[in-house]
Amino acid sequence: MTLATPIAEARVDRIDVTAPRHLRITRPRGCTYPDGDWEVLARRWFAVARVQDIGDKPVGTRLLDVKLVVYRTEQGLHVARDLCPHRGVPLSMGWVEGNELVCAYHGLRFATDGRCTRIPAQPNVVPGDRFRATVLPVVERYGLVWTCLDSEDGIAVIPDFPEWTDPAFQPILCPPVSMNAAPGRQVEGFIDVAHFAWVHHEAFADRDNSVVPLYKTRKTDYGVQSEYISNVSNFPKGLQHLEPEGFMWRRVFDIHPPFTAFLRVDFPDDGVLRIMNIATPVSAHECTLYVPLVRNFDKTGSLDDVYAFNAQIFAEDQAIVEAQSPEDLPLGVDDEAHFAADRSSVAYRKALKELGLTG
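Attention shifts here to the pattern of salt bridges. Charged atoms that come close allow side chains of opposite charge to pair. Under the criterion given, the structure shown has 19 salt bridges. With a closest N to O distance of 2.8 Å, Arg115 and Asp113 form a salt bridge. Residue Arg115 is classed as partly exposed on the basis of its relative accessible area of 39%. On the basis of relative accessible area, Asp113 is assigned to the buried category, the value being 18%. A salt bridge links Glu227 to Arg250, with the shortest nitrogen-to-oxygen separation between them at 3.0 Å. One end of the pair, Glu227, is in strand β17 (residues 224-230); the other, Arg250, is in strand β18 (residues 249-256), and 23 residues separate them in sequence. In terms of burial, Glu227 and Arg250 fall into one category: buried. Where salt bridges share partners, they join Arg185, Glu188, Glu336 and Arg349 into one cluster.

What follows is the structure, given as structure tokens:
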């Protein structure tokens, strides 16, 4: 590995979403976000499900305190508000017939553009617009279903992950993890290099090797990038005998505010692991972690081993971020103490504040 290898500039993918008419969702009742924060986040795109988890039955989920339903028809995948406009029953309790979603309460049927096509109790009535379900735009990327609650221009802005479709890499999508933690807390934990020795000492790090060398952090057009070089191994404890003597590990973090970050790890023999960490905001104090990753080595190895290793790391991080106080990630520079190894965290907090978020 050559430490002078230039860092590739991360990109965002801008997708023109050609979809049926979408109704904008407004701040929900009982919203857990401060005034203004929900409105900022509602204009962002988030992953809300794995494609592989959407089968014959509708699946209920939440995004920014809004209940959603994700379902599959003969036309593809769809996302809508999980609410029948007739009597407020969750549409995820219903079922799909052909290209229509059927409400479990009165059998009202909804086309993929939200139009109510039939009221069984009054089959001769043509349902008006008041019976329209609220549908949202949908994009599939990296094995995930993405949507936006308040898409004004029909353009989906999603961080680009070119290695996902690169034949030189093996794409792997880990099972999602639900956390009772603010998404900002989770992302900050992901980019924090000083916690390796203390939180992940059983997985890959060592408490006797806790010193964090000075590293570089810079602002970018998409957010923040940090380059961290150290001798802390990224091999699981059981495989660290494979590491060449004196090998230095290079880790590059690309942070896309509000709640997505990438980690590239350069392995021996030109191996590359790249992880996408997506903390989807279920509410202000809950998130679902989606983790697509790729590697260009050990491509015939056990996926169960990959899942198990990542599940161990996720669980170690989860115990910490769920215990942090305050629950919200403080964005003021003076709200918490910082040391030099926190430079990525401080830059991330500043980036969130620049988006217009307050906490």
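A few words on the sheet that holds strand β6 (residues 95-97). On the basis of which strands lie adjacent, the open sheet formed by four strands has the order β6-β7-β8-β9 and antiparallel pairing. One side of each edge strand has no neighbouring strand; the edge strands of this open sheet are β6 and β9 (116-118). Note: strand β7 (residues 100-102) against strand β8 (residues 109-110), two bridges, orientation antiparallel. Across the sheet, Leu101 pairs through a bridge with Phe110, a residue of β8.

The next thing to look at is the packing of aromatic side chains. Inspection of every chain in the model, using the stated rule, returns 14 aromatic pairs. Pairing Phe247 with Trp249 gives two aromatic rings, centres 5.0 Å apart and planes at 85°, and the pair type is edge-to-face. In this structure, Phe247 and Trp249 share a single accessibility class: buried. Among the aromatic residues, those joined into a ring-pair cluster are Tyr142, Trp146, Phe161, Trp164 and Phe262. Across the ring face of Phe262, the terminal group of Arg274 is positioned such that the distance to the ring centre comes to 4.2 Å. Directly above the ring of Tyr215 sits Arg343, whose terminal nitrogen or CZ lies 6.0 Å from the centroid.

Ranked by size, the top nonpolar core spans 69 residues in total, and within it Trp38, Leu64 and Leu149 carry the most contacts. The greatest single-element share of this core, amounting to five residues, is contributed by helix α4 (residues 303-321). Listed in part, the 21 residues of the second largest apolar core include Val17, Trp45, Ala47 and Cys148.

So, how was this worked out
- Residues numbered from 1 in each chain as written.
- Predicted model: local features only at pLDDT ≥ 70, side-chain atom pairs only at ≥ 80, totals over all residues.
- Heavy atoms only, no water.
- Salt bridge = Lys/Arg side-chain N within 4 Å of Asp/Glu carboxyl O.
- Buried < 20%, exposed > 50% of the residue type's maximum accessible area, 1.4 Å probe, protein only.
- Helix = DSSP H or I, 4+ residues; strand = E, 2+ residues; numbered from the N terminus.
- Pairing = 2+ DSSP bridges.
- Phe/Tyr/Trp six-rings, centres within 6.5 Å; stacked < 30°, edge-to-face > 60°.
- Lys NZ or Arg CZ within 6 Å of the ring centre and 35° of its normal.
- Core = buried A, V, L, I, M, F, W, Y, C linked by side-chain atoms within 4.5 Å.

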